[in-house]
Structures are given as structure tokens and as C-alpha cells.
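Next come the chains, spelled out residue by residue.
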Amino acid sequence: MGALEEIQYKPIPVRTLLVEMKDLSELMIDLAYSSALFHNTDLARDVLELEKKVDNLALLLKMNVMIAARDAKDAKDLLGVSLVSSAADEISDAAADIAYIVLHGIGIHPAVREAFKRVEEQLGRFIVKRDSILSGKSLRELRLASRIGVDIIAIRRGNEWIINPKGRDRILEGDILIVRGTSLGIEELGRLAEGNLRKLED
Amino acid sequence: MDEKHFQKIVDALAELKDTSELMLDLAYSSIILNSSELAREVQELEEHIDDLHTRFELLVLSSGFSPEESRDFLGLIRLGVVTEEIADAAAKMGEIVLRGLKPHPILKLAVEEAEETVASAKVSEKSILNGKTIKEARIADETGMWILVIRRGKRWIRPKPTTRIKAGDILIASGYAEGEEDFKRLVSGSQN
């Protein structure tokens, strides 16, 4: 285990911290499963980095919650916030446990791949070809989630990873996309990335 | 390991993963809607997943693997443990409402602002979903939101592909915040 960062109090709204913890913990689960499914140690390492981040957020949240409570009523009201934060922290720990499997050469049994074909939310990995209409477009323009029910959770560009890309991020030719969504949507995205499908319907 | 045993492991693992994630979504829904029914559903699923997890571990351990294969099988066991950890986290969140803690406004706002959110909407007479089965409705493909449960009168229904949606149903769904508006439009039938 690496050195632990010194924790510094920062006055950040509890709500902001909680949103970030929820988003990160759920993203980590998908990234971690992807790292197992696609045998990707880089993704697994990113999950471990994110886990440290979530740990720090959890501590910051605890401090801010303690400061916010002035009396017994406040304390009771804020208890739920504290419980959700620790649940998000546990979820991120679970994701880190998957990353550990990948990084320590514990095997991924063929049954895992089969099981992932059956689950509701599927994961996919695609390379963006030159002819793809995705190339050059921002995620905001593409609105993939509402159009085909697919969300891009990470983009690999050269040696860099863009984790949890936002609306202004663009997709470029040669990018590797890690995505999750419905099986139909994933299949559609595969054809869009390949350049076989040239139209995105509303 | 024969094909039948392999398929049993595959099925159990897929169910473990789906159930653990469903529990998370239901737990967040119970907070947003301050619903003890949904919270109880999470607790029931927690008991179900415990049994399922035990069955899964027994299946894995009775596969008759060789020493060389043991790492792959250890991986399976560990993945099962992960789904159990996620389920435990969800159960903890489900407790909030059951312990009579009124969800703090901060909690509601945080769940609503998150990238993945939960939403509910009532099916109107004119909605194109009215009378369709879950499979025909293709809500996830259209909006990126999954139906978690359907509230019909006083009953809670867990959707199957053949479940038919009726006017008056309240659909509770989770998915990407981006699809929430589309979801609400589709369900309420207010789209042109």
C-alpha cells in the first residue's frame, strides 16, 4: 500500500461531495468489471487511484457533516447522509477488490465472460475507425445515452485515459471506447464506431 | 466441468451481478421517494442474494478443478464476494428509511444531481407505453433508463419482459440523468 495523503479540511458543500462519491463509486464498479472483462491492467490501476480519491472525499464529507450538526436533531437528520457516504465508500472498496483480482494475476474464468453476456447492463470496447461518424463529435452533440441507451465510461487515446468523459469531450479516430448500456445499444455503437452505421436516430 | 455445471455457474453469477445493482438502484429510489416499501424490497433481496451467493460458492467449489485451474476459480469466488459487498452497501442505504430517518434534502438533491439517477412517472392514457409489454416498450433503448419496479395501485410489480404496462401505473426507473426527460415524456405521453 502506498503512502497515505495528509487530510486537509476544505469547506466543500456536503451535497457536492456526496454527488461526487456516488458518481465515482458507480463509475468504478463499471471500470473494474471492464478491466476484468477486457483483461486491462491500466483500467484496474485507475480504479485503485479513484479508490484513494473516494477515501479522501469520504473523510472530507465526515468533517463537513460534523461541523454542520449543531444539535441532536441536526445529528439525526444528517445520519442518512453519513450512511449513504459510507455505502458509496464500501462500493468503491468492492470495485478495488475487482481491480486487485486483475492486477494480481488471479484468473478470470471463461464463465465470467459468459455471465457478462447475460446481465442487463452490458459492457463493450470499440475502436473508432476513420469512417465513423462518431469521430470529431463531442459527447454533448452525440447524446448517446438518450438516443441509444449507451454511456461512454472511458476513452483510451494513445497512452492516455480519459475517465468518465464529459459533454465537451470529443471522440477522435483511433480512440478506444469503453462503454456500458443495453445489448442493443452496445451493438449499435459498435457499428457506429466501425463506420458501418452512418446515422444516429433520435 | 460439464456444460450443464458451467451454465449453472454463469447463470448464478449473472443473477448475482444484476441483483446487487438492482438493490443499489432500489435503495436510492427508497431514499428519493421516502418509501419504506421499496426499502423493504431491498431487505428482501438482501436475504435472497445471501442464499444465491452461497449456492454460487458451492457450485464453484464443486467444479472439480485441477491445481492449475485454481486461480481462475478463485477469481470467480472473489467476484461473488464483490457482488455481496455491493448488496450489503445497498442494504445499509435501505435501512435509512426503515429506521424512520426522514431523508435529508441534501440526500435527495445529491441523488437527483448524480449522473445516474432514479426517476418515477405515471403512465397516462395517451402514452404510447399504455398496453405494451416491457419487451415491446423498449424503454431502455429509447431513453437509457431501466424500469426497476412498477407501482400498480397498492402493488409493487417487478417487471418481466412479458409484463404489460397499463395507464395509471407508476414506473420507477434508473439510468443516466441525460435520459430522464425523455423517460418522463414517454411515460406521461406529452410528446408530440
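Not measured: the values here are computed from a predicted model.

A. Structural context of the packing of helix α1 (residues 3-32) of chain B against helix α4 (residues 105-113) of chain B. Residues and elements named next belong to chain B. The contact between α1 and α4 brings their axes to 9 Å, and the two run at 135 degrees. Viewed along their axes, α1 and α4 adopt a mutual orientation that is oblique. The chirality of how α1 crosses α4 is left-handed. Contacts between α1 and α4 pair Y28, I31 and I32 from the former with L107, K108, V111 and E112 from the latter. Its residues placed into classes, the contact of α1 with α4 shows five nonpolar, no polar and two charged.

B. Structural context of the domain arrangement of chain A. All names here are of chain A. Here chain A is described as being made up of domain 1 (14-103) and domain 2 (120-194). For domain 1 versus domain 2, the separation of C-alpha centres amounts to 25 Å. With 10 residues of domain 1 in contact, the opposing surface of domain 2 contributes nine residues. Sorting the residues of the side of domain 1 that touches domain 2 by element identifies α1 (14-37) and α2 (41-68) as the ones contributing at least two each. Among the elements that take part in the side of domain 1 that touches domain 2, α1 stands out by supplying six residues, more than any other.

C. Seen up close, the environment of S85 of chain A. Residues and elements named next belong to chain A. One can find S85 in helix α3 (residues 72-103). Classification of S85 as buried rests on a count of 26 C-beta atoms within 10 Å. Considered as a pair, S85 and L59 are 26 residues apart in the sequence and their alpha carbons are 9.6 Å apart. Apart from residues no more than four positions distant in its own chain, S85 is found in contact with L18, M21, A58 and L61.

D. View of the sheet that holds strand β2 (residues 145-152) of chain B. Residues and elements named next belong to chain B. Judged by pairing direction, the sheet is antiparallel, and its four strands sit side by side in the order β1-β4-β2-β3 without closing on themselves. The outermost strands of the open sheet, each flanked by one partner alone, are β1 (116-122) and β3 (155-157). Neighbour to neighbour, the strand axes of the sheet diverge by 20 degrees on average, direction disregarded. For β2 and strand β4 (residues 170-176), the ladder comprises six bridges, and the chain directions are antiparallel. Its bridge partner being in β4, R151 is matched across the sheet by I170.

Conventions we followed
- Residues numbered from 1 in each chain as written.
- Chains lettered and ligands numbered in written order.
- Predicted model: local features only at pLDDT ≥ 70, side-chain atom pairs only at ≥ 80, totals over all residues.
- Axes fitted to C-alpha atoms, helices over the stretch in contact; angles between N-to-C directions.
- Helix = DSSP H or I, 4+ residues; strand = E, 2+ residues; numbered from the N terminus.
- Parallel < 35°, antiparallel > 145°, perpendicular 65-115°, else oblique.
- Left-handed = near helix turned anticlockwise from the far one by under 90°.
- Contact = placed C-beta atoms within 7 Å.
- Nonpolar A, V, L, I, M, F, W, Y, C, P; charged D, E, K, R; others polar.
- Domains from an automatic or database assignment.
- Buried ≥ 20, exposed ≤ 12 C-beta atoms within 10 Å, placed from the backbone.
- Pairing = 2+ DSSP bridges.

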